[in-house]
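# Close look at the chain arrangement
If you want the building blocks of each chain, they are given just below.
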Amino acid sequence: MRVKFHQSLDELKEKLLVMAGMAEQAIQRSIEAYRTRDLSICELVFRAEPSINRLEREIDQMALDLLAMEQPMAIDLRFILSVIRINADLERVGDQAVNIAVRVREMGAFANIDLPVDIPKLASLSSAMVRKSLQAFIEGDAELAESVLRLDDEVDEMNDSAFYALSTLIKEKPELTPQSLNALIIARNLERVGDHATNIAEDVIFWVRGADVRHSNNAL
C-alpha cells in the first residue's frame with residue numbers, strides 16, 4: 001500500500017514538473033515576443049494558457065485525493081501541501097506571461113523605440129529564479145532554495161530603477177507614454193514572476209525542513 005502511495009507521490013511530482021515546463025516556456029515566449037515584436041509568438045502564449053489552467057486543476061485534484069485517501073504524515077504531508085502551493089504559483093507565472101504578451105501586442109501599434117530599461121535582463125533574472133527554485137524542488141535542496149530568496153532583492157531593485165527611468169521618460173517625452181507605460185507594466189509582471197519563484201523556494205524549505213519562512217524577513 002505504501003509503495004503505491006509513493007508511486008502516486010512520484011506521479012504528482014512528474015505532473016508538477018510538466019506544469020513548470022509549460023509556465024517557463026510561456027515566459028520565454030512572451031519575452032521573445034517583446035524582443036522581436038513578433039505578434040505570432042504572443043498567439044502561442046495565449047493558446048497555451050488553457051492547457052496550463054487545465055493541468056493546474058488536475059494536479060490540485062490529484063493532491064487533494066491523496067490527502068483525503070492516504071492521510072499522510074510529516075514530510076509526505078508537507079510535500080503534498082507544497083505541491084498544491086507551488087502549482088498555484090506556476091499557474092500565476094503563466095498568467096504573467098499572458099499579461100506580458102498582451103502588452104507586447106499593444107506595443108505593436110506604436111513605433112519600436114529604444115527604452116531606458118533592459119527587459120530581457122530582468123526577464124533573465126526572474127526566469128533564473130524560477131529555474132533555481134524548481135531545481136531546489138527536484139533535488140529537495142533547502143540551501144539552493146535559500147539562494148533564490150537572496151536574488152529577489154536584485155529583481156526588486158531592477159524593477160525600481162525601470163520605474164524611475166520610464167516615469168522620467170514619460171514626463172520628458174509625453175508622446176512616448178504608450179510604449180513607456182507598457183514597458184513599465186511588463187517590468188512589474190517580471191517582478192511578480194520573481195515573487196512567485198520566491199514563494200516556490202519558500203515552499204521547498206517548508207517541505208524539506210518543516211520551517212515556514214513565508215512573510216518572514218528573517219528567512220535567512
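Values in this document were obtained by computation on a predicted structure and should not be read as measured data.

Each value, and the rule that gives it
Counting restarts for each chain: residues are numbered from 1 in the order of the written sequence. For this predicted model, a pLDDT threshold of at least 70 governs which residues receive local features, and a threshold of 80 or more governs which side-chain atom pairs are given and counted, while totals over whole chains, interfaces and linings are taken from all residues. Side-chain metrics rest on all non-hydrogen atoms present in the structure, leaving aside hydrogens and water. Helix and strand labels come from DSSP, where a helix needs a run of H or I of at least four residues and a strand needs a run of E of at least two; each type is numbered from the N terminus. Computation of the radius of gyration draws on C-alpha atoms alone. For the globule rule, the value is 2.2 Å times the number of residues to the power 0.38. UniProt positions are given in the numbering used here, feature names are shortened, and annotations may be inferred rather than shown by experiment. For patches, a residue must show more than 30% relative accessible area and have no salt bridge; joins then use 9 Å for like charges and 5 Å for nonpolar side chains, namely Val, Leu, Ile, Met, Phe, Trp and Tyr. Note on areas: these come from Shrake-Rupley sampling with a 1.4 Å probe, and a residue is covered only by the protein chains present in the view. We count a salt bridge whenever a side-chain nitrogen from Lys or Arg sits within 4 Å of a carboxyl oxygen from Asp or Glu. The charge count includes Lys and Arg as positive and Asp and Glu as negative, but it does not include His or the ends of the chains. Charged groups are reduced to one reference atom each: NZ for lysine, CZ for arginine, CG for aspartic acid, CD for glutamic acid. Relative accessibility under 20% of the residue-type maximum defines a buried residue, over 50% an exposed one, and the middle range a partly exposed one, all with a 1.4 Å probe and only protein chains included. In this description, contact between two residues means that some pair of their heavy atoms is separated by no more than 4.5 Å.

Helices and strands together make up the secondary structure of the protein chain, namely six helices and zero strands. Listed N to C, the secondary structure of the protein chain is α-α-α-α-α-α in terms of helices and strands. Scaling as 2.2 N^0.38, a compact globule of 220 residues should have a C-alpha radius of gyration of about 17 Å, and the protein chain matches this with 19 Å. For the protein chain, the spread of C-alpha atoms along the principal axes amounts to about 65 × 40 × 20 Å.

In the numbering adopted here, UniProt assigns the feature "domain: PhoU" (unreviewed entry) to residues 18-103 and 120-204. Here residues 18-103 runs as 94% helix and 0% strand, with 26 Å between its end C-alpha atoms. Along residues 120-204 the backbone is 93% helical and 0% strand, and the end-to-end C-alpha distance reaches 27 Å.

Together, Asp153, Glu154, Glu157 and Asp160 make up a negatively charged patch on the protein surface. Here Glu154 shows up in helix α5 (residues 142-172).

This part is about the environment of Leu125. Following the sequence through the fold, Leu125 ends up in helix α4 (residues 119-139). Here the alpha-carbon distance between Leu125 and Val155, two residues 30 residues apart in the chain, equals 6.9 Å.

Take the side chain of His196 next. Tracing the sequence through the fold places His196 in helix α6 (residues 177-209). A residue is classified by how much of its surface remains accessible, and His196, at 11% relative accessible area, is buried. Not counting chain neighbours up to four residues away, the residues in contact with His196 comprise Asp89, Arg92, Val93 and Gln96.

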